[in-house]
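Each chain, written out:
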Amino acid sequence: MSVAQVKDEAAHAPLVRVFHGETLSDPYAWLRAENWREVMRDPSVLAPDIRAHLEAENAAADAWFAPHAELRKALVAQMRGRIKEDDASVPARDGAFEYFTRFREGGQHPLICRRPAGAEGEETIVLDGDALAAGKAYFQFGDARRSPDQTRMAWSADEAGSEYYTLRVRDIAAGTDLADTVSETTGDVLWSNDGAFLYYIRRDEEHRPSFVYRHRLGTTPDEDVLIYEEADKGFFVSLGRTQSGRFGLISCGDHETSEISLIDLDAPLEAPRLVEPREVGLRYGVEHHPAIAGVESLVIETNADGAEDFKIVLAPLATPGRAHWRDLVPHRAGRLILSHSAYRDHLVRLEREDGLPRIVVHALADGAEHEIAFAEDAYSLGFDPGYGFDKTEIRFNYSSMTTPAEVWDYDLATRARVLRKRQEVPSGHDPAHYVTRRVLAPAADGELVPVSLLFSKDTPLDGSAPCLLYGYGAYGISIPAGFSTSRLSLVDRGFVYAIAHIRGGTEKGWRWYREGKLANKTNSFTDFIAVAEHLIAERIVSPARIVAHGGSAGGMLMGAVANLRPDLFAGIVAEVPFVDVLNTMLDDTLPLTPPEWPEWGNPIADPAAFDRIRSYSPYDNVAAKDYPALFALAGLTDPRVTYWEPAKWVARLRELKTDASPLLLKTNMEAGHGGAAGRFDRLEETALVYAFALVVAKALPAD
């Protein structure tokens, strides 16, 4: 089927519906498979006409990329040359053993390994990802957690890209799996402290994680006990564990409300215990400490009492409800507390202020605090709580857009730092050859939008440089200014790589998120446009050579700015783009719809939300006008942004747009939201994106 036939074959009868007195006509609704639930499990059952349409689009995209095969090959070679193929993580000690992951030379998937503590070379490969993936079109590890006595490993894997994980238990000494196998879980798993029980989550018929089960080792799954069921279709369920190891956490929530119940891992047959009942808008996260000032306590991070940027409170374990919460770390507006972990003598928290993250160590004995400080203007920072509660050491990860990732061990008491690993770039990397900068772009309402820039010191900032401008702006997720070897393939070719930290993220506190959601959603779009205009006005980039890039909710951003300012971009890349916002939010049978209503609004119940979403939903606002070059990527088994969203969007663009610019759709027929699972296979997808950007931004050398 040719591109022209793609357009012709898409002329099915439209789906016509009425909401709030308004008629919606959806001409490409036929691309939504009625049996989508089965397709998630088995892609081969996709309807033939839909498969033919997607394969025709793939063939058209392949034809467009064919003349650039050598460029793609060169990009893959360069990106692979920057990867240490036999890389390994820094071992983390847990009792008598050290655990780590590594890759073998040429291997696509990680190996999960251990060795006796301090005994380098005496390695046991507990799980061999390459061997487990052999012969499979898709393979992705989920969780991997060892039993308390460290004789077994509970592990999960997704073999379709649909985020249905099969849970198994590996006998470490024997190197084989036990008979205990549970299919279609979320991948999360916890052990009871006696090693006799596992806890896991099943999904409901709409693919939502809703049911927590307890499994006794040696029994069959049909004997498993349901210990928690989430009745609210808008709440998702996950499992966690306190640093003390005493409690498992059943965490339920949507994008504005949370609720946590405790599983006593020392008493696995007891029912979960609720900490604080859900209240719309109340969020909290829980840690446990056996004795703060002599009282067994919960250490709770929360936005209660107007603490928009969160505070940390203490509550007695015996009476954990909100009435007994007292401040330990008070709220301070503009300082967003992101996470915390409790140890015997210290509380460690990750927070962000003025767009930059930092780690703060709080001594429980006297409340004294100190920060782990860094000098660069923009960077990425995180910490690994590690194993154990009595420890005085944490591990943190640091990088910037010019500095490769570093792993440090940090003594909480002495403040001594030890560098454990610096990311190796086998083909070579000189940080001094690159420049990273943070600039502020004025938005239309006077807000200043942070922008992280990366470019070669040889790139002239005279208004001639091409630019890849990345944005996301949703769910309060901030985009770190971290190191990426792949980006260098653009930067070394003269690109300015820019990250627009637009509203909808939390780079400037929770307010920054609040002002980019619901009725304020369009701020995300106008912020992104303002960033592009500022980079042009400051002669940092060329006005005719900007390629916009975003994925998932960032793909919705791409669709919105394509409709609002198609003249501003040479090209737009939308990966697994959430572009059919109105139709998806009107379909409460889809996995993510009810949990997403707090982010976008509920157009079923709220006419104002219907009108608002309809006004910006990319699919609904495609018009007969010129568009920039567009490249959309999708995954057939994607449960988060279903494949038909980008397929419908591209079909409508193909019908209505008035220009001859490239319009490409590439659907991975064997993967889901994250694309290819193998580390080298992912490079092939990145090379597609970068080749597209290089071509449409006219950044290729002259023939």
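Just so it is clear, the structure is predicted and the values come from calculations on it, not from any experiment.

What counts, and at which threshold
Residues numbered from 1 in each chain as written. Predicted model: local features only at pLDDT ≥ 70, side-chain atom pairs only at ≥ 80, totals over all residues. Heavy atoms only, no water. Helix = DSSP H or I, 4+ residues; strand = E, 2+ residues; numbered from the N terminus. Rg over C-alpha atoms; globule rule 2.2 N^0.38 Å. Buried < 20%, exposed > 50% of the residue type's maximum accessible area, 1.4 Å probe, protein only. Areas by Shrake-Rupley, 256 points an atom, 1.4 Å probe, with all protein chains shown as cover. Lys, Arg positive; Asp, Glu negative; His and termini not counted. Charge placed at Lys NZ, Arg CZ, Asp CG, Glu CD. Salt bridge = Lys/Arg side-chain N within 4 Å of Asp/Glu carboxyl O. Polar contact = N/O pair within 3.5 Å; in protein donor to acceptor, adjacent residues only side chain to side chain. Contact = heavy atoms within 4.5 Å. Core = buried A, V, L, I, M, F, W, Y, C linked by side-chain atoms within 4.5 Å. Pairing = 2+ DSSP bridges. Axes fitted to C-alpha atoms, helices over the stretch in contact; angles between N-to-C directions. Expected span 1.5 Å × (residues − 1). Parallel < 35°, antiparallel > 145°, perpendicular 65-115°, else oblique. Left-handed = near helix turned anticlockwise from the far one by under 90°. Nonpolar A, V, L, I, M, F, W, Y, C, P; charged D, E, K, R; others polar. Phe/Tyr/Trp six-rings, centres within 6.5 Å; stacked < 30°, edge-to-face > 60°. Lys NZ or Arg CZ within 6 Å of the ring centre and 35° of its normal. pLDDT = per-residue confidence, 0-100.

1. Quick look at the overall build of the protein chain
In terms of helices and strands, the protein chain carries 14 helices and 37 strands. Its C-alpha atoms give the protein chain a radius of gyration of 25 Å, near enough to 27 Å, the size a compact globule of 703 residues would have. Once the C-alpha set of the protein chain is aligned to its principal axes, its extents read approximately 70 × 55 × 50 Å. Split into buried and exposed, the 703 residues of the protein chain put 58% on the buried side. By element, 50% of the accessible surface of the protein chain is carried by carbon and sulfur atoms, the whole surface being about 26,700 Å². The protein chain carries 75 positive and 105 negative side-chain charges, and their two centres are separated by 3 Å.

2. Re the pattern of salt bridges
Within the structure shown, the criterion is met by 52 salt bridges. Salt-bridge contacts for D266 lead to R246; the nearest nitrogen and oxygen are separated by 3.6 Å. On the criterion of sequence distance, the pair formed by D266 in the loop between β16 (258-264) and β17 (273-274) and R246 in the loop between β14 (236-241) and β15 (247-253) is long-range, its members being 20 residues apart. According to the relative accessible area criterion, R246 is partly exposed, its value standing at 23%.

3. As for the side chain of D638
As for its position among the elements, D638 is in the loop between β36 (629-635) and α13 (644-656). Despite being buried, D638 has no salt bridge partner; R640 is the closest side chain of opposite charge, sitting 5.7 Å away. Among the polar contacts made by the side chain of D638, one reaches the main-chain amide nitrogen of V641 at a distance of 3.1 Å. Reaching out from D638, the side chain makes a polar contact with the side chain of H673 at a distance of 2.7 Å. Sequence-distant contacts of D638, defined by excluding residues within four places in its chain, comprise M40, V576, A671, G672 and H673.

4. Things to note about the nonpolar core
In terms of nonpolar packing, the biggest core is built from 123 residues, with L469 and F528 touching the most fellow members. It is helix α14 (residues 679-696) that contributes the most residues to this core, 12 residues altogether. Among all residues touching F528, those that are not within four sequence positions of it are L469, Y470, G471, A500, I502, A548, L557, M558, V561 and F569.

5. Overview of the sheet that holds β36
Ordered by their spatial adjacency, 8 strands build an open sheet running β30-β31-β33-β32-β34-β35-β36-β37, and the pairing between neighbours is mixed. Every interior strand has two partners, whereas the edge strands, β30 (434-442) and β37 (663-668), have only one. Between one strand axis and the next, the sheet turns by 15° as a mean value, whatever way the strands run. Relative to β37, β36 runs parallel, the two being bridged by 6 bridges.

6. Description of α13
The first and last C-alpha atoms of α13 sit 18 Å apart over 13 residues, in line with the 18 Å expected at 1.5 Å per residue. The element α13 is largely enclosed, with a buried count of 11 among its 13 residues.

7. A word on the packing of helix α8 (residues 522-537) against helix α9 (residues 553-564)
Their axes nearest at 10 Å, the elements α8 and α9 cross at an angle of 70°. Viewed along their axes, α8 and α9 adopt a mutual orientation that is roughly perpendicular. The element α8 and its partner α9 pack so that their crossing is right-handed. Here α8 contributes S524, F525, F528 and I529 to the contact with α9, which in turn contributes M556, L557, M558, A560, V561 and L564. Each residue belonging to the contact of α8 with α9 can be placed in one class, and the counts come to 9 nonpolar, 1 polar and no charged.

8. Focus on the sheet that holds strand β29 (residues 417-422)
Taken in spatial order, the 4 strands line up as β26-β27-β28-β29 in an open sheet, and their pairing is antiparallel. Across the chains shown, the open sheet's two edge strands, defined by having one partner strand only, are β26 (380-384) and β29. Sheet twist, expressed as the mean angle between neighbouring strand axes with direction ignored, is 25°. Note that strand β27 (residues 393-399) and strand β28 (residues 406-411) share 6 bridges and pair antiparallel. The partner of R395 across the bridge, within β28, is D409.

9. A word on the packing of aromatic side chains
For any pair of aromatic rings, the description rests on two quantities: the centre-to-centre distance and the angle between the ring planes. In this structure the tally under the stated criterion is 25 aromatic pairs. Members of the aromatic cluster, each reached through a chain of ring pairs, are F374, Y379, F396, Y398, W408 and Y410. Positioned above the aromatic ring of W512, the side-chain terminus of K508 is 4.6 Å from the ring centre.

10. A look at the environment of G135
The topology assignment puts G135 in the loop between α5 (129-133) and β7 (140-146). Sequence spacing of G135 and L440 is 305 residues, and the spatial spacing of their C-alpha atoms is 49 Å.

11. Things to note about the pairing of strand β10 (residues 176-191)
Where strand β9 (residues 165-171) and β10 come together, 5 bridges link them in antiparallel fashion. Bridge pairing in β10 places D171 opposite T176. The antiparallel hairpin formed by β9 and β10 contains 4 residues in its connecting segment, where G175 sits at a positive phi of about 75°. Relative to strand β11 (residues 197-203), β10 runs antiparallel, the two being bridged by 4 bridges. Across the sheet, W191 pairs through a bridge with L198, a residue of β11. Counted between consecutive antiparallel strands, the loop separating β10 from β11 contains 5 residues, among which G195 sits at a positive phi close to 75°.

12. A look at α14
An ideal rise of 1.5 Å per residue puts 26 Å on 18 residues; α14 measures up with 26 Å between its terminal C-alpha atoms. Here α14 lies mainly inside the structure; 13 of its 18 residues are buried. Positive phi shows up at K698, right after α14, with a value of about 55°.

13. Some remarks on unusual backbone geometry
One non-glycine residue with positive phi stands out, namely V576, at about 35°. As for its placement among the helices and strands, V576 is situated in the loop between β35 (571-575) and α10 (581-585). The backbone of K698 sits at a positive phi, close to 55°, despite the residue not being glycine. Here K698 shows up in the segment after α14. Residue classification places K698 among the exposed positions, given a relative accessible area of 67%.

14. Observations regarding the confidence of the model for the protein chain
In the predicted model, the protein chain carries a mean pLDDT of 95, and 98% of its residues have values of at least 70. Note on residues 4-10: pLDDT is under 50 here. Beyond four places in sequence and across chains, it has 13 contacts.

15. Topic: the environment of P466
Examined against the element boundaries, P466 turns out to sit in the loop between β31 (448-456) and β32 (467-471). Exposure remark for P466: the relative accessible area of 4% places this residue in the buried category. For the pair P466 and F97, spaced 369 residues apart in the sequence, the C-alpha separation amounts to 50 Å. Excluding its chain neighbours within four sequence positions, the residues that come into contact with P466 are G494, F495, V496, R545, A697 and A699.

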